[in-house]
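Read off the chains here:
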Amino acid sequence: MRRNRSKTSMYEAFFGLRERPFNLTPDPRFLFLSEKHKEAFAHLLYGIKNRSGFVMVTGEIGTGKTTISRTLLQQLHDDTEIAFIFNPFLSPEELLRKINEDFGIESKGETIKDLVDELNAYLLDRGACGKNCILVIDEAQDLAPNVLEHVRLLSNLETETQKLLQIILIGQPELAQHLELPELRQLNQRITARYHLFPLDRSETVQYIAFRLRAAGGLRRVRFTRGALRAVYRYSGGVPRVINSICDRALLVAYTQEARDITVATVRKAAQEVRGQRVVAPQKRQPRRWRAWAPAPVFVLLALVLAMAANVAYEWAADRKAMAPSTTERSDLMDRDPLAARAVAAGEVLAREAAQGSESSPALVRAQRSLDEALLSLDSVTARNAAAAGLLHAWNMALLGGYPEGDDVSQLAKFAAVNGLTLTPVQVSVEQLAAIGLPAFVRIAGDREVLWLGVVGIDNDQIRLTARVGEIVPASWNAFAARYQRQAAILWRDAGGAALRKGMTGDAVQELQRRLKAAGLLQNGAPGVFDDATNVAVQELQRLTGLNVDGVVGSNTRMVLESWGGGAVREAFAGGKARMLAARAASSKGEVSAASTAPIETDPSATSVAVSPSPLTSEEGAPDALSSSDSGSFVEAPSVPAASTQSEETTG
């Protein structure tokens, strides 16, 4: 650690800097006034000069809200007195005491009324002297509703002609959501100026980096290549705090390598170091205490619980045995249809993984509401933001670059790119969505409008959807299908690479075979050789997921393999894939299991969205059912009912 600190303090001399240009502290000397920041300044000044009561500035974490507020307060005239609250986790009484303390009031009050009376007397005295008193509350999204209501009551401190106290609320987007609560509607109406601070765009990010280097005296001595600047924007999403972290680390990396230029490789390494690796602390074992005996009632309760669990397990095993084909039936199935038999094997692999991972897979706060109940109060912005946060959470990622700016697919694609992911818009059935098995935005018919929700998991009997931020709503397959508009946008991580075809060899082919074997689709095959067995396995994967069946592994097939062959989110969707595979195996025999392969019934009254499919050609060299155009339009994929009786060759 000592060595790292010395390197951090020495790279300034190496690059000829007076100081570190990318510190994380809100130093007003390094405030970069983009057009967005200038507008935020204008809103704050308007509220202060016109004594309009409430002004609100919101923005994502790290966009510069606190820096703007502190810079503004330093530039105010001497006739202004300020109380700055930066710790919002206070009770109403604690908040009032802190306000009085910041204004320099020697408070002796013991109740909330006493504290308000002291503040009112002070404000009247300051107003008579021509002073303007301002209360600034940072991180206001963490204020409890009852505390926000007391803040509103402070705005009642006024004379016949003007407000005695100007109140500025600064917080994250959740603050605006809190103000929509019915109990805070009076406060929401009193906010006369509000502004949301968005992240920087690409050109502003370049200007921001140049500005901070100039402020630190190193504009001519430090050189970021064009590719490096694009990489900084891509990894940071234009969030100033993340830009600072990446650029500061990039300068340190370049210093350790004795390099004067900051390249793409330098920025990539810096971003990796800033994000770090996920570390899971080992669980401590509780020591066994053989001599500590529990009271008799505990033993009785434990015995009852064990007996009930054993009964449930016995009934589940009996139902499973009744639903599963017998050994003779499985043998006949393998002799009669090897592809269907292989699908059964793949379904069993995924079912085991689903049973093992369903309890341990990451999830947000689970709500016990139905989908219909959740949709009653949802609007498009709330639903879209919750979907964005939930889908990143499904990928074990934090929201760094802000929410999508709109419902257009192009804006969703921009959101995905900012977070280092790929967005593929598709028009698929519920079964194909389950077969793809990756987190996805989906269009759902609400009571008033069509909304974007997020699919974060699919089990054998339910689909897990986002509702509000931090809330997951389970829906049955039928309930989901009744509102699903057959439009989805898959969010996935594309490692890139050239398309793979029959006859190719190498490490990429060997990795493909490893993933196919992990999915139960490939039993044999020459390692590292794209042979006939590998080609058959790829084609089967394409059939099951609605892809163009050509045996070529392009971007869309890679997308499915991301989930099927050991991807990070496989467990959350394994149950849905197992159900789909079991249904396909049953349909190949002409049999349907009522428990797991019941066809999805779509409600004809559900709101629908007309989408015109476009004939496109994928990079795999043939029209692909899941290809998407550059504009992000949806493309029709062939419908495959859960209990379809058509052959594998005609499906897809």
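Residues numbered from 1 in each chain as written. Predicted model: local features only at pLDDT ≥ 70, side-chain atom pairs only at ≥ 80, totals over all residues. Heavy atoms only, no water.

**A short note on the overall build of the protein chain**
- When helices and strands are tallied, the protein chain shows 24 helices and 13 strands.
- Here the protein chain holds 652 residues, and 49% of them are scored as buried.
- Here the protein chain displays about 32000 Å² of accessible surface, and carbon together with sulfur accounts for 52% of that area. (Helix = DSSP H or I, 4+ residues; strand = E, 2+ residues; numbered from the N terminus. Buried < 20%, exposed > 50% of the residue type's maximum accessible area, 1.4 Å probe, protein only. Areas by Shrake-Rupley, 256 points an atom, 1.4 Å probe, with all protein chains shown as cover.)

**Overview of the confidence of the model for the protein chain**
- In this model, the protein chain carries a mean pLDDT of 74, and residues with pLDDT of at least 70 account for 71%.
- Of the regions scoring below 50 in pLDDT, residues 591-633 engages in 102 contacts with residues more than four places distant in sequence or in other chains.
- Overall, residues 635-652 carries pLDDT values under 50, and its contacts beyond four positions in sequence, including any with other chains, amount to 50 contacts. (pLDDT = per-residue confidence, 0-100. Contact = heavy atoms within 4.5 Å.)

**What to know about the packing of aromatic side chains**
- Tallied over the entire structure, the rule returns eight aromatic pairs.
- Here the aromatic rings of Phe-32 and Phe-211 are separated by 5.8 Å at their centres, their planes lie at 50°, and the arrangement is tilted. Taken together, the residues span a long stretch of sequence, with Phe-32 in the loop between helix H1 (2-15) and helix H2 (35-50) and Phe-211 in helix H9 (residues 202-215) at a distance of 179 residues.
- Classification of Phe-211 by relative accessible area gives partly exposed; the value is 23%. (Phe/Tyr/Trp six-rings, centres within 6.5 Å; stacked < 30°, edge-to-face > 60°.)

**Considerations on the sheet that holds strand S9 (residues 440-445)**
- Strand order in this open sheet of six strands is S8-S13-S9-S10-S11-S12, and the pairing throughout is antiparallel. Strands with a single pairing partner mark the edges of an open sheet, and in this sheet they are strand S8 (422-426) and strand S12 (472-476). Each adjacent strand pair in this sheet contributes to an overall mean axis angle of 35°, direction not counted.
- For strand S10 (residues 450-458) and strand S11 (residues 462-466), the ladder comprises three bridges, and the chain directions are antiparallel. Bridge assignment links Val-455 to a residue of S11, and that residue is Leu-465.
- In this fold helix H18 (residues 409-418) packs onto S8, S9, S10 and strand S13 (484-492), with an angle of close to 150° to the strand it touches most, S8. (Pairing = 2+ DSSP bridges. Axes fitted to C-alpha atoms, helices over the stretch in contact; angles between N-to-C directions.)

**A word on unusual backbone geometry**
- Look at Glu-139: it is not a glycine, yet its phi comes out positive at around 55°.
- Given the relative accessible area of 28%, Glu-139 is considered partly exposed.
- The backbone of Arg-486 sits at a positive phi, close to 60°, despite the residue not being glycine.
- Within the secondary structure, Arg-486 sits in strand S13.
- With relative accessibility at 24%, the residue Arg-486 sits in the partly exposed group.

**A short note on the nonpolar core**
- With 53 residues, the main nonpolar core has Leu-433, Phe-441, Val-442 and Phe-480 as its most contacted residues.
- Once you skip the residues sitting within four places of it in the chain, Leu-433 turns out to touch Val-428, Ala-440, Val-442, Val-455, Ile-458, Phe-480, Tyr-484, Ala-488 and Ile-490. (Core = buried A, V, L, I, M, F, W, Y, C linked by side-chain atoms within 4.5 Å.)

**As for the packing of helix H21 (residues 507-518) against helix H22 (residues 532-544)**
- As a packed pair, H21 and H22 sit with axes 11 Å apart at the nearest point and diverge in direction by 60°. One element, H21, and the other, H22, form an angle in the oblique class. In this structure, H21 crosses over H22, and the sense of that crossing is left-handed. The residues of H22 that touch H21, namely those facing Leu-512, Gln-513 and Leu-516, are Thr-534, Ala-537, Val-538 and Leu-541.
- Along the lines of polarity and charge, the residues of the contact of H21 with H22 split into five nonpolar, two polar and no charged. (Parallel < 35°, antiparallel > 145°, perpendicular 65-115°, else oblique. Left-handed = near helix turned anticlockwise from the far one by under 90°. Nonpolar A, V, L, I, M, F, W, Y, C, P; charged D, E, K, R; others polar.)

**Here we look at the side chain of Thr-382**
- Topologically, Thr-382 is positioned in helix H17 (residues 380-394).
- We classify Thr-382 as buried; its relative accessible area is 7%.
- At 2.8 Å, the side chain of Thr-382 and the side chain of Asp-379 are in polar contact.
- The residues contacting Thr-382, other than those within four sequence positions of it, are Ala-467 and Arg-468. (Polar contact = N/O pair within 3.5 Å; in protein donor to acceptor, adjacent residues only side chain to side chain.)

**Here's the deal with H17**
- Between its first and last C-alpha, H17 extends 21 Å over 15 residues, near the 21 Å set by a 1.5 Å rise per residue.
- For H17, the buried fraction is high: twelve of the 15 residues fall into the buried class.
- Regarding H17, the residues found buried are Ser-380, Thr-382, Ala-383, Arg-384, Asn-385, Ala-386, Ala-387, Ala-388, Gly-390, Leu-391, Leu-392 and Ala-394.
- In this structure, the buried residues of H17 make contact with helix H7 (174-178), H18, S9, S10, S11 and S13. (Expected span 1.5 Å × (residues − 1).)

**Some details on the side chain of Gln-513**
- Within the secondary structure layout, Gln-513 lies in helix H21.
- On the accessibility criterion, Gln-513 (3% relative accessible area) is buried.
- Once residues lying within four places of it in the same chain are set aside, the contact partners of Gln-513 are Leu-522, Ala-526, Pro-527, Gly-528, Val-529, Asp-531 and Thr-534.

**Some remarks on the pairing of S8**
- Within S8, four of the five residues are buried, which leaves the element mostly enclosed by the surrounding structure.
- Relative to S13, S8 runs antiparallel, the two sharing five bridges. Paired with Pro-425 across the bridge in S13 is Ala-489.

**A look at the environment of Leu-465**
- Along the polypeptide, Leu-465 turns up in strand S11.
- Assessed through its relative accessible area of 0%, Leu-465 is described here as buried.
- Note: C-alpha distance between Leu-465 and Gly-454 (eleven residues apart in sequence) is 5.4 Å.
- Among residues more than four places away in sequence, those in contact with Leu-465 are Leu-371, Val-442, Leu-453, Gly-454, Val-455, Glu-471, Ile-472, Val-473, Ala-475 and Phe-480.

**Section: the sheet that holds strand S3 (residues 132-137)**
- The five strands are arranged S2-S3-S4-S1-S5 in an open sheet whose pairing can be described as parallel. At either margin of the open sheet sits one strand with a lone partner, and together these are strand S2 (80-85) and strand S5 (191-197). Taken over all neighbouring pairs, the strand axes of this sheet differ in orientation by 15° on average, direction set aside.
- Pairing of S2 with S3 involves six bridges; the strand directions are parallel. When the bridges of S3 are listed, Ala-83 appears paired with Leu-135.
- Seen against the sheet, H2 touches strand S1 (54-59), S3, strand S4 (165-171) and S5 and runs at an angle of roughly 165° to S5.
- The strands touched by helix H5 (residues 112-128) are S2, S3 and S4; relative to S3, the strand with the most contacts, the crossing angle is about 130°.

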